[in-house]
Amino acid sequence: LAPTLSWVKPEVDYALKSVRDSIALFLAKPEETAVLKKCSGQIHQVTGALNILGLNGAVGFCESVEHAFSGLTSEPVVRPSAVGTLDRAVLALKEFIDSLAKGAVNAPIKLFPVYREVSGLRGNAEVSEMDLFFPDLSLEAPIHAAAAVVPLDKLPAALLAQRSRFQRGLLAMLRNPGARDGLKEMRVALETLDVMAAQLPQPRSLWWVAAGLMDGLLRSANQDTWMTGAKMLCSKLDLRMRDLSKGDTPELNPLLSDVLFSIAKCKASSTRIREIRKLYQLDSLFPEP
């Protein structure tokens, strides 16, 4: 990333410096609101440059800052405190890009505290770290030790059978949250899908990762708030199994990202969870406490 970032960094640095210079002029003379008019366009240039590099998290952050600038300059009275928040956001973005240029891990969640402040300026209180969570979904899970090929004419039935098994386990879990048998059956279904993953749509790692989610559920306390979100992901996994059993090719990347986020936040551990954390470098994607 660092070498390709160097191609656009001079342009990005210049645009961000121009924005901060305009902010400094405004804060010195708050009646001069006209100096802020060009800030949105300059941030838009940065958004475009980062988008070319595939820095999705930083792009989302930029878009939030850009929209905040647009909304601010359309108000009858521009609040210096709000402009100060945007100044901190632009500085945080510059420091983040500088760190990437020096070889740091691309972990845009580190921008979340100021991202939340900027979103608040736009009246958007419903933000989450997931907005800035972008692991490398192209990474491939290890091939299952018992990997097998199912004859194509039998594949739909095999997928339907595993969905039925997963649903039985899901229903048992919902009926008796304290029991573990349902979760164990769900894990077997996911493990079996991992066995036949080579015949399934990308990202095939979803089923390997989802089995890790079951480990987290098996090892977490029933009252754990983490479990609420994890159980919602189980329903999403069921829907994707339904699609596959019908011969559809659903978009699986968003679900894989959601499951990885849940595993990153899981306090429980297992061999599979540790393997997932290591492969996707999940611990490096979050700031240290």
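Residues numbered from 1 in each chain as written. Predicted model: local features only at pLDDT ≥ 70, side-chain atom pairs only at ≥ 80, totals over all residues. Heavy atoms only, no water.

1. Considering the overall build of the chain
Now for step 1: Within the chain, the secondary structure is distributed over 11 helices and zero strands.
Now for step 2: In the chain, the succession of α and β elements from N to C terminus is α-α-α-α-α-α-α-α-α-α-α.
Now for step 3: Relative to its full complement of 289 residues, the chain shows a buried share of 47%.
Now for step 4: Put simply, the chain shows about 14,300 Å² of open surface, and 56% of that area lies on carbon and sulfur atoms.
Now for step 5: For the chain, the distance from the average position of its 34 positive side-chain charges to the average position of its 32 negative side-chain charges is 5 Å. (Helix = DSSP H or I, 4+ residues; strand = E, 2+ residues; numbered from the N terminus. Buried < 20%, exposed > 50% of the residue type's maximum accessible area, 1.4 Å probe, protein only. Areas by Shrake-Rupley, 256 points an atom, 1.4 Å probe, with all protein chains shown as cover. Lys, Arg positive; Asp, Glu negative; His and termini not counted. Charge placed at Lys NZ, Arg CZ, Asp CG, Glu CD.)

2. So, helix α4 (residues 80-101)
Now for step 1: Its 22 residues give α4 an end-to-end C-alpha distance of 31 Å, which sits within 8% of 32 Å, the value for a rise of 1.5 Å per residue.
Now for step 2: Just past α4, the residue glycine 103 takes up positive phi, approximately 100°. (Expected span 1.5 Å × (residues − 1).)

3. Considerations on helix α2 (residues 39-52)
Now for step 1: Taking 1.5 Å as the rise per residue, α2 with 14 residues should run 20 Å; its terminal C-alpha atoms sit 20 Å apart, in good agreement.
Now for step 2: Three or more residues of α2 are buried, namely Cys39, Ser40, Gln42, Ile43, Val46, Thr47, Ala49 and Leu50.
Now for step 3: Among the residues trailing α2, glycine 54 stands out with phi positive, at a value near 75°.

4. Concerning the packing of aromatic side chains
Aromatic ring pairs are reported here in terms of the distance separating the ring centres and the angle at which the planes meet.
Now for step 1: Taken as a whole and assessed by the stated rule, the structure comprises five aromatic pairs.
Now for step 2: Aromatic pair phenylalanine 133 and phenylalanine 286: ring centres 5.8 Å apart, planes at 35°, arrangement tilted. Linking phenylalanine 133 in the loop between α5 (112-121) and α6 (155-175) with phenylalanine 286 in the segment after α11 (271-279), this pair joins segments that are 153 residues apart in sequence.
Now for step 3: These aromatic residues form a ring-pair network of at least three members: Phe61, Phe112 and Tyr115. (Phe/Tyr/Trp six-rings, centres within 6.5 Å; stacked < 30°, edge-to-face > 60°.)

5. What to know about the pattern of salt bridges
Now for step 1: Applying the stated criterion to the full structure yields 18 salt bridges.
Now for step 2: When the shortest N-O distance is used, the salt bridge between arginine 277 and aspartate 283 registers 2.6 Å.
Now for step 3: Classification of arginine 277 by relative accessible area gives buried; the value is 17%.
Now for step 4: Overlapping salt bridges, with partners in common, bring together Arg187, Glu191, Asp215, Arg219, Arg272 and Glu275 in one network. (Salt bridge = Lys/Arg side-chain N within 4 Å of Asp/Glu carboxyl O.)

6. Comments concerning the nonpolar core
Now for step 1: Grouped together as the largest cluster of nonpolar side chains are 93 residues, with contacts concentrated most on Phe61, Val65, Phe69, Trp207, Val209 and Leu282.
Now for step 2: Among the elements that take part in this core, helix α8 (residues 205-219) stands out by supplying 10 residues, more than any other.
Now for step 3: In this structure, phenylalanine 61 is in contact with Ala89, Leu93, Leu111, Val114, Tyr115 and Leu132, ignoring residues within four places of it in sequence. (Core = buried A, V, L, I, M, F, W, Y, C linked by side-chain atoms within 4.5 Å. Contact = heavy atoms within 4.5 Å.)

7. Examining the packing of α8 against α11
Now for step 1: It is at 8 Å that the axes of α8 and α11 come closest, and there the two elements cross at 130°. Taken as axis vectors, α8 and α11 run oblique relative to one another. Where α8 crosses over α11, the handedness of that crossing is left-handed. Residue-level inspection shows Trp208, Val209, Ala211, Gly212, Asp215 and Gly216 of α8 in contact with α11, the latter providing Arg272, Ile273, Glu275, Ile276 and Leu279.
Now for step 2: When the residues that make up the contact of α8 with α11 are grouped by side-chain class, the tally is six nonpolar, two polar and three charged. (Axes fitted to C-alpha atoms, helices over the stretch in contact; angles between N-to-C directions. Parallel < 35°, antiparallel > 145°, perpendicular 65-115°, else oblique. Left-handed = near helix turned anticlockwise from the far one by under 90°. Nonpolar A, V, L, I, M, F, W, Y, C, P; charged D, E, K, R; others polar.)

8. Let's talk about unusual backbone geometry
Now for step 1: The residue after glutamine 202, namely proline 203, is reached through a cis peptide bond having omega -5°.
Now for step 2: Along the chain, proline 203 turns up in the loop between α7 (181-195) and α8.
Now for step 3: A positive phi is found at glutamine 281, a non-glycine position, where the angle reads about 50°.
Now for step 4: Looking at the secondary structure, you find glutamine 281 in the segment after α11.
Now for step 5: With a relative accessible area of 45%, glutamine 281 lands in the partly exposed category.

9. Examining the environment of serine 22
Now for step 1: Note that serine 22 resides in helix α1 (residues 2-28).
Now for step 2: The buried category is assigned to serine 22, whose relative accessible area is 3%.
Now for step 3: Setting aside residues up to four positions removed in sequence, serine 22 forms contacts with Val35, Leu36, Lys38 and Cys39.
Now for step 4: Within polar-contact distance, the side chain of serine 22 engages the backbone oxygen of valine 35 at 3.4 Å. (Polar contact = N/O pair within 3.5 Å; in protein donor to acceptor, adjacent residues only side chain to side chain.)

10. Considerations on the environment of leucine 16
Now for step 1: Along the chain, leucine 16 falls in helix α1.
Now for step 2: In sequence terms leucine 16 and valine 78 are 62 residues apart; their C-alpha atoms lie 20 Å from each other.
Now for step 3: Aside from chain neighbours lying at most four places away, what touches leucine 16 is Ile43, Val46, Val90, Leu93, Lys94 and Ile97.

11. Focus: the packing of helix α3 (residues 56-73) against α4
Now for step 1: Two elements in contact, α3 and α4, have axes whose closest approach is 11 Å; the angle formed by their N-to-C orientations is 155°. Considering the angle they form, α3 stands roughly antiparallel to α4. For the element pair α3 and α4, the recorded crossing hand is left-handed. Judged by residue contacts, Ala58, Phe61, Cys62, Val65, Ala68, Phe69 and Leu72 of α3 engage Ala82, Val83, Leu86, Ala89, Val90, Leu93 and Phe96 from α4.
Now for step 2: Taken together, the residues of the contact of α3 with α4 sort by class into 14 nonpolar, no polar and no charged.

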